[in-house]
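Read off the chains here:
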Amino acid sequence: MIERLGLSSAATPMENEAALWLVLVLPLLLGVLGAIARPSRAWPVAVAWLLPLLALGWLFSQVAGTTGKSGVVELGDLVLYWRVNGLTLLLLLLTYLIGLASALYAPAYLRKDVQALARGQAWFWPLLGLLISSLALIWLAADLLSLYIGLELMGLTAVGLMLLPGKVEALVAGLRYLLLALVGSLAFLLGISLMLGTWGRLDLAGLAEVAEPGVLLWVAAALLTGGLMLKAAAFPLHVWLVPVHAWAWIPVSAIHAGLVIKASFFIALQLWLLLVPEATVAAWMIGGLAGAAVVWGGVKAWRSAKLKEVVAWSTVSQLGYLLLAFPLLIGTDTAVADLAWKGTWLQLMAHGLAKAAMFLALGNLILATGAARVEGLAGASRRFPLSLLSFGMAAISVVGLPPSMGFTAKWLLLHAALSGGHWAWMMVLAVGTLLSAAYVFRLFHYSFIEDAPEAEFRRVPWPMETVALLLALAALLLGLAAEWPLTLLRGAGEEP
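Residues numbered from 1 in each chain as written. Predicted model: local features only at pLDDT ≥ 70, side-chain atom pairs only at ≥ 80, totals over all residues. Heavy atoms only, no water.

**Q** What is the right way to read helix H20 (residues 462-477) from this model?
**A** Three or four residues apart is the spacing at which side chains of an α-helix point the same way, because the helix has 3.6 residues per turn. Counted at 1.5 Å a residue, the expected span for H20 with its 16 residues is 22 Å, and the 22 Å between its end C-alpha atoms agrees. Listed as buried for H20 are Pro463, Met464, Glu465, Val467, Ala468, Leu469, Leu471, Ala472, Ala475 and Leu476. (Helix = DSSP H or I, 4+ residues; strand = E, 2+ residues; numbered from the N terminus. Expected span 1.5 Å × (residues − 1). Buried < 20%, exposed > 50% of the residue type's maximum accessible area, 1.4 Å probe, protein only.)

Rendered as structure tokens:
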């Protein structure tokens, strides 16, 4: 499992230092550039977000042909561990793609509101840059201290972005999010302290070698998991998620739903795989919560009256698919675990792209109709077919229909559950698919009402339409190119 996660217990000098630092720091520099640029220069700043993709290409060239590399960074007496393999490269690519989409979408979105433009130009870009850099740190980090630093930076910047609208409701929801995030951080920090005090190590590979089963390990694992699940809005710790999305700016919701909650899941899963790989009963308990998340989130999305709440509750439901990784990877045979490993990370990528695209397309429809409720979509199919098409293509991946990446991911998870004889998880996947189709078709039902009364519609800027369409196309068509990410994931799991 250490090799699958790209970890190594041998502390070697850092290689590829320039490429790593560029991947980590470049988004932050772009955020600072956006903060000092004039509002009229927002577009060049947004386009400059292509640079992190070029830096990632350089890093990829440094590790191409290998199963991954790892090393240490020495900052005085402080030693930080890092790793790069196929999985981390895919997560970095997903992060930069969604970050680029949000950056390209933001200038036209902010320009529609003069007050939003003034606040957003001052704070949106630096917070976005710091958020992307902290996510990159989480994907690359291989020790608990670096993960904690990345997690805290990510949480604080995410809260800051959620507070940008400045409305009372947004402030209340954002501060509730901050309070619960701090509770999660405290639990995570207590777990780290217990690990360090007991075994004297923080690097993940070293902890996997020295951590001994017992009460202390279980208490530490429970603290770490509880804190991370609260930050990930995993059922039943999801109470903060829907309110913050109800008032957040659309590009912020896109990057939060597509990336932020995934980071906590990523950390939690690798800690379980390394520290408690035989905790089958506890993994099945998490599987039960996954099933409840899929059903509860799907039903709430189906019954929600507000458009953004539909997509937010959908996120709660879709996260349940990722939580199925615990019972499918822990305590199962190699064949089942291999299928679940590929399906889990493909599902994370598919959901990230599709959910970000859904929020962007939904933002276009809300701007055009001026309505925040589902009934406000009446007649949208005639007047805004492109935004509705973008939403529909992203929804295909969320539901799990071919040829989307969501279909490929769910097929692998279903195959893993079938191979292991886990009928309960097969039922969860089937029920979740039906519920996803129900709330998606409910939105389309209203949009195709032809006898809706005439209403005043506003024009959507073409950059916002284009960005949503391209991201939805990526979520839909990457299922046809799934062999490439699957090859990288296989490389991540091979023995060196």
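**Q** What exactly am I supposed to notice about the environment of Asp203 here?
**A** Within the fold, Asp203 resides in the loop between helix H7 (168-199) and helix H8 (204-210). It is 4.0 Å that separates the C-alpha atoms of Asp203 and Asp143, two residues lying 60 residues apart in sequence. When near neighbours in sequence (up to four residues on either side) are disregarded, Asp203 contacts Tyr81, Ala142 and Asp143. At a separation of 3.1 Å, a polar atom in the side chain of Asp203 contacts the side chain of Arg201. A distance of 2.8 Å separates the side chain of Asp203 from the backbone nitrogen of Gly206, its partner in a polar contact. (Contact = heavy atoms within 4.5 Å. Polar contact = N/O pair within 3.5 Å; in protein donor to acceptor, adjacent residues only side chain to side chain.)

**Q** Teacher, can you tell me more about the packing of helix H18 (residues 405-419) against helix H19 (residues 423-447) here?
**A** In helix packing, the relevant descriptors are the interaxial angle and the interaxial distance, both defined with respect to the helix axes. Between H18 and H19, the least distance of the axes is 8 Å, while the angle of their chain directions is 155°. One way to sum up the angle between H18 and H19 is to call them roughly antiparallel. Considering the relative orientation of H18 and H19, their crossing is left-handed. Here Lys410, Leu413, Leu414, Ala417 and Leu418 of H18 come into contact with H19, specifically with Trp423, Trp425, Met426, Leu429 and Thr433. Partitioning the contact of H18 with H19 into residue classes produces eight nonpolar, one polar and one charged. (Axes fitted to C-alpha atoms, helices over the stretch in contact; angles between N-to-C directions. Parallel < 35°, antiparallel > 145°, perpendicular 65-115°, else oblique. Left-handed = near helix turned anticlockwise from the far one by under 90°. Nonpolar A, V, L, I, M, F, W, Y, C, P; charged D, E, K, R; others polar.)

**Q** Can you help me understand the packing of aromatic side chains in this one?
**A** Two aromatic rings are characterised by how far apart their centres lie and by the angle between their planes. Under the defined criterion, the tally for this structure stands at 14 aromatic pairs. Seen in terms of ring centroids, Trp139 and Phe266 are 5.1 Å apart; in terms of plane orientation they differ by 80°. Their pairing is edge-to-face. In this pair, Trp139 is assigned in helix H5 (residues 114-140) and Phe266 in helix H11 (residues 250-275), connecting sequence segments 127 residues apart. Considered together, Trp139 and Phe266 belong to a single accessibility category, that of buried residues. Grouping aromatic residues by their ring pairs yields a cluster made of Trp139, Phe265, Phe266, Trp272, Phe326, Trp341 and Trp345. (Phe/Tyr/Trp six-rings, centres within 6.5 Å; stacked < 30°, edge-to-face > 60°.)

**Q** Could you clarify how one ought to interpret the layout of surface pockets in this entry?
**A** Empty space within the second largest pocket amounts to approximately 420 Å³. Mapped by element, the contributors of at least two residues to the lining of the second largest pocket are helix H1 (17-36), strand E1 (69-75), strand E2 (78-84), H5 and helix H6 (144-163). Class assignment for the residues of the lining of the second largest pocket results in 17 nonpolar, three polar and no charged. (1 Å grid on protein atoms, 1.4 Å probe; cavity = no way out; pocket = protein on both sides within 12 Å on 5 of 7 lines; lining within 4 Å. Points joined across faces, edges and corners; volume = space filled by probe spheres on them.)

**Q** Can you help me understand the packing of H11 against helix H15 (residues 334-369) in this one?
**A** Where H11 meets H15, the closest approach of the two axes is 7 Å, and the angle between their N-to-C directions is 165°. Classified by the angle between their axes, H11 and H15 sit roughly antiparallel to one another. For the crossing formed where H11 meets H15, the hand is right-handed. Facing H11, whose interface residues are Ile250, Pro251, Ser253, Ala254, Ala257, Gly258, Lys262, Phe265, Phe266, Leu269 and Leu273, H15 presents Trp341, Thr344, Trp345, Leu348, His351, Gly352, Lys355, Ala356, Phe359, Leu360 and Gly363. Among the residues making up the contact of H11 with H15, the classes are represented as 14 nonpolar, six polar and two charged.

**Q** Could you clarify how one ought to interpret the pattern of salt bridges in this entry?
**A** Opposite charge on two side chains makes pairing possible when the charged atoms of those side chains draw close. All told, the structure shown has three salt bridges when counted by the stated rule. For Lys231, the salt bridge goes to Glu152, with nearest N and O atoms at 3.8 Å. Of the two residues, Lys231 sits in helix H9 (residues 215-231) while Glu152 sits in helix H6, which places them 79 residues apart along the sequence. The exposure classification of Lys231 matches that of Glu152, with both residues buried. (Salt bridge = Lys/Arg side-chain N within 4 Å of Asp/Glu carboxyl O.)

**Q** Whenever I open this one, the side chain of Arg442 confuses me. Can you help?
**A** Residue placement: Arg442 occurs in helix H19. A relative accessible area of 17% places Arg442 in the buried class. Look past the residues within four positions of Arg442 in its chain and what remains in contact with it is Ala301, Trp302, Arg303, Ser304, Ala305, Val310 and Val374.

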